[in-house]
Amino acid sequence: MRGAAVVVLAGFGVFLLATGVLVRTYVAPAVVRAPTDIYKVQRLRAENATYFDAGALRVRTGATVVATATVRGDVEASGDDVAVWDMTTVIQDLDRGRLVDVATRRLAFDRRSGELVACCRAAVQDDTSVRQSGLGVFWPMDVRKRTYRMFDAQTRRTWPVVFKGVEDVGGVDAYRFELHVPPTKVPGEVPAVPARLLGADGGGAVPVDRYHRGDAVFWVDPRTGAPVDQRQRVRSTLRARSGTGTLVVADLELRTTPEGRTALAGTANDAAARVRLLETVVPLGAVALGAVLLAAGVVLDRRGARTRPRAAPPGDGAARRLRPGTPGVG
């Protein structure tokens, strides 16, 4: 009976030890990564914004603008290592009922590092010829205090996003990263605009180029790589190709809404708890319990060995009965 108990304890001990190692080494990396079936809506708000109202052909100032970003995962196009997300951002002046801009983007990226990859019909504004690289909208699961490269969809280039410190955001000790995009010409053709809109003389249409400048701050949860807040200052202008003349298309400082920050912090804490469960609690618990059971089996086996009666050596009794020199022995 004791022997069976030893076998059971030792067996369960070895099983739990192996389970702990497997969960930490194989299960956790396979589970803790970007989802493929995501559906998420995030809103940023800008007060006292300026933008060009194309319908009224005039510049609006002092507006309250809301940017609504909707992300949907393409499960069929995604794989074990690569996630594919479709993202649409709609910028609106809700008070006036005006549409400021619509941006579309399809991203394919590594599910743990967040690095963009060229596959799966990834595109910016439906242009699949754009080669996206660096980080997109998903940060590394193990984000570090260092400088990364981030892809900017407006200029269609990567720019450094620099670690600047640690700040409390809704109870999360978040890493602060800053991205600065200097005034840069946006690729692609832009329709000519009336000279009067550029403040220039004449009544004809003037060829223009679009320039974009952006300053962004991202607060990222280091436990999960989940963003918990962001701020974006965007200035977009049209400039006459020759001579002078400028039209402000957008001058916005967008910030995650207070309710959005609260929700993002809660989501980050929930995700961090799941990550800790898979990467720390379950592996360590399994290894500790396995070691205890294995040690118990060894102790029980040794105790059994000490209390078990020793068997007499073969022939020892017969030798004592038939010693040389005793009667009956020749």
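Note that this is a predicted model, so its numbers are computed, not measured. Along each chain, numbering runs from 1 in the same order as the chain's sequence is written. Local features in this predicted model are restricted to residues whose pLDDT is 70 or higher, and side-chain atom pairs enter the listing and the counts only when it is 80 or higher, whereas totals over whole chains, interfaces and linings include all residues. Think of the side-chain values as coming from all heavy atoms in the structure, minus any hydrogens and water.

Q: So what exactly am I meant to see when it comes to the side chain of S236 here?
A: Helix and strand labels come from DSSP, where a helix needs a run of H or I of at least four residues and a strand needs a run of E of at least two; each type is numbered from the N terminus. Topologically, S236 is positioned in strand β12 (residues 227-240). Two N or O atoms form a polar contact when they lie within 3.5 Å of each other; inside protein one atom must be a possible hydrogen donor and the other a possible acceptor, and for residues adjacent in sequence the pair counts only when both atoms belong to side chains. At 2.8 Å, the side chain of S236 forms a polar contact with the side chain of R210. Note on definitions: a residue-residue contact is assigned when non-hydrogen atoms from the two residues lie within 4.5 Å. With sequence-adjacent residues up to four places away left out, S236 is seen in contact with R210, Y211, L247, V248, V249 and A250.

Q: Looking at this structure, I do not really get the nonpolar core. What am I missing?
A: Nonpolar side chains in soluble globular proteins tend to end up buried together. Take the buried Ala, Val, Leu, Ile, Met, Phe, Trp, Tyr and Cys residues and link them wherever side-chain atoms come within 4.5 Å; each set so joined is a nonpolar core. The buried label goes to any residue with under 20% of its type's maximum accessible area, the exposed label to any with over 50%, and the partly exposed label to all in between, with areas taken from a 1.4 Å probe on protein chains only. W85, F109 and F138 are the most contacted members of the largest nonpolar core, which has 15 residues in total. Going through the elements one at a time, β2 (58-73), β3 (82-93) and β4 (98-110) are the ones with two or more residues in this core. Per element, the largest residue contribution to this core is three residues, and it comes from β3. Those residues in contact with F138 that lie beyond four places of it in its chain are A34, W85, F109, R111, R112 and G114. The next biggest cluster of nonpolar side chains, apart from the first, holds 14 residues, and it includes V143, Y148, M150 and W159.

Q: Please explain unusual backbone geometry as it appears in this structure.
A: Trans is the prevailing form of peptide bonds, just as negative phi is the prevailing case for residues other than glycine. Backbone geometry places N48, a non-glycine residue, at a positive phi of 55°. By secondary structure assignment, the location of N48 is in strand β1 (residues 39-53). Residue N48 is classed as exposed on the basis of its relative accessible area, which comes to 62%. Phi is positive for R156, which is not a glycine, with a value near 60°. Mapped onto the elements of the fold, R156 is located in the loop between β6 (148-152) and β7 (157-169).

Q: Could you clarify how one ought to interpret the sheet that holds β7 in this entry?
A: In any sheet, the strands associate via hydrogen bonds between backbone groups, in a parallel or an antiparallel arrangement. Two strands qualify as a pair provided that DSSP identifies no fewer than 2 bridges between them. Pairing in this open sheet of eleven strands is antiparallel, and the strands run β5-β4-β3-β2-β1-β13-β12-β11-β8-β7-β6 from one edge to the other. The sheet is open, and its two borders are formed by β5 (123-124) and β6, each paired with just one other strand. Here twelve bridges tie β1 to β2, and the two strands are oriented antiparallel to one another. The residue bridging L44 from the neighbouring strand is A67, located in β2.

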